[in-house]
Amino acid sequence: MRPLKVSLPAITISSRRACAWALLALLCACAAKKPGPQMSAMNAMSAQAGATPVSTVAAQNARTRALTALYKQSLISDSGLRPLWQRMPLNPNEATPAMLALPERISAADQPRLREVARRLADYQAHMADLLRSHGVAPPLLEEWQAGAHAAAALRARLHNGALTWGEFNTRLREVNTAQRMALADIADALQAHDEAAAARAAGEAHAVYAAALEPAVPPTADHDCEMIGGEPYCS
């Protein structure tokens, strides 16, 4: 994976609210690029980012949106993944009542599809984290975005491994996504007010939601053949 590098000045406190909303916009995507040509497209975008200096928050946000659009379009256009979208939405907050109530666990046919989504999502998030760092996004905002992403990754792995039903997964993922969105907005406000304690409280409240969504704890699956994706075990 090529690092995303952009020649940018550090973002000031007054711009961090805008950065928070740029991060919020990323939460709706549940897609990534296809292998091969799509990987080349992502790397080409990385190279272009490094070659073109950008100095405004609007232009920075345009870059994050372009990266997200490439990722999302590749999932939407992949016919092999379409069966998943009948059970889970691209945007966790758009889960239908029927999706939230699905009682069945993942099928053997859907497991490889979910693994592919997880691989693409992990790669997309790594590229995006590099881009956001190069934009000078405040560390507390980036850390909160990553914390929510890690909680979502753990839920996705538990769905794959049969520990959650589709309905439980969709419900818990929506809770994590909502808590993350609220925390990012609150942390941005706290940073603008130079209130580190308020930023820490907002992060703590979100992390409590993440922890609750991941209860009960799942023991290690040492006896299974597992693939690590995004730091989580996907076991057969």
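Worth saying up front: this structure is predicted, and the values here are computed from it rather than measured.

*Asks:* Give me the lowdown on the pattern of salt bridges, citing residues and values where you can.
*Replies:* Proximity of charged atoms lets side chains of opposite charge pair with each other. For the coordinates displayed, the defined rule picks out 7 salt bridges. With its nearest N and O atoms 3.3 Å apart, the salt bridge here joins R87 to D110. Here R87, found in the loop between α3 (57–76) and α4 (97–100), pairs with D110, found in the loop between α4 and α5 (111–134); they are 23 residues apart in sequence, far enough to count as distant. You can call R87 partly exposed: its relative accessible area is 23%. The network of salt bridges with common partners includes D78, E116, R119, R120 and E227.

*Asks:* How would you sum up the environment of C226? Please name residues and give values.
*Replies:* Here C226 is to be found in strand β1 (residues 226–229). The spatial distance from the C-alpha of C226 to the C-alpha of S236 is 6.3 Å, given a sequence separation of 10 residues.

*Asks:* Give me the lowdown on the state of the cysteines, citing residues and values where you can.
*Replies:* Inspection of every chain in the model, using the stated rule, returns 1 disulfide. Sulfur-sulfur distance for the disulfide between C226 and C235 comes to 2.0 Å. What sets the handedness of the C226 and C235 disulfide is the S-S torsion sign, and at about 100° it is right-handed. A relative accessible area of 28% means that C226 is categorised as partly exposed. A relative accessible area of 6% means that C235 is categorised as buried.

*Asks:* For unusual backbone geometry, give the residues involved together with the corresponding values.
*Replies:* Of note, the bond from E215 into P216 is cis; its omega dihedral lies within 30 degrees of zero at -5°. By the element assignment, P216 lies in the loop between α8 (196–213) and β1. Phi at H194 takes a positive value of approximately 55°, unusual for a residue other than glycine. Structurally, H194 is set in the loop between α7 (166–192) and α8.

Here is what the cut-offs are and how they apply
Residues numbered from 1 in each chain as written. Predicted model: local features only at pLDDT ≥ 70, side-chain atom pairs only at ≥ 80, totals over all residues. Heavy atoms only, no water. Salt bridge = Lys/Arg side-chain N within 4 Å of Asp/Glu carboxyl O. Helix = DSSP H or I, 4+ residues; strand = E, 2+ residues; numbered from the N terminus. Buried < 20%, exposed > 50% of the residue type's maximum accessible area, 1.4 Å probe, protein only. Disulfide = S-S within 2.5 Å.

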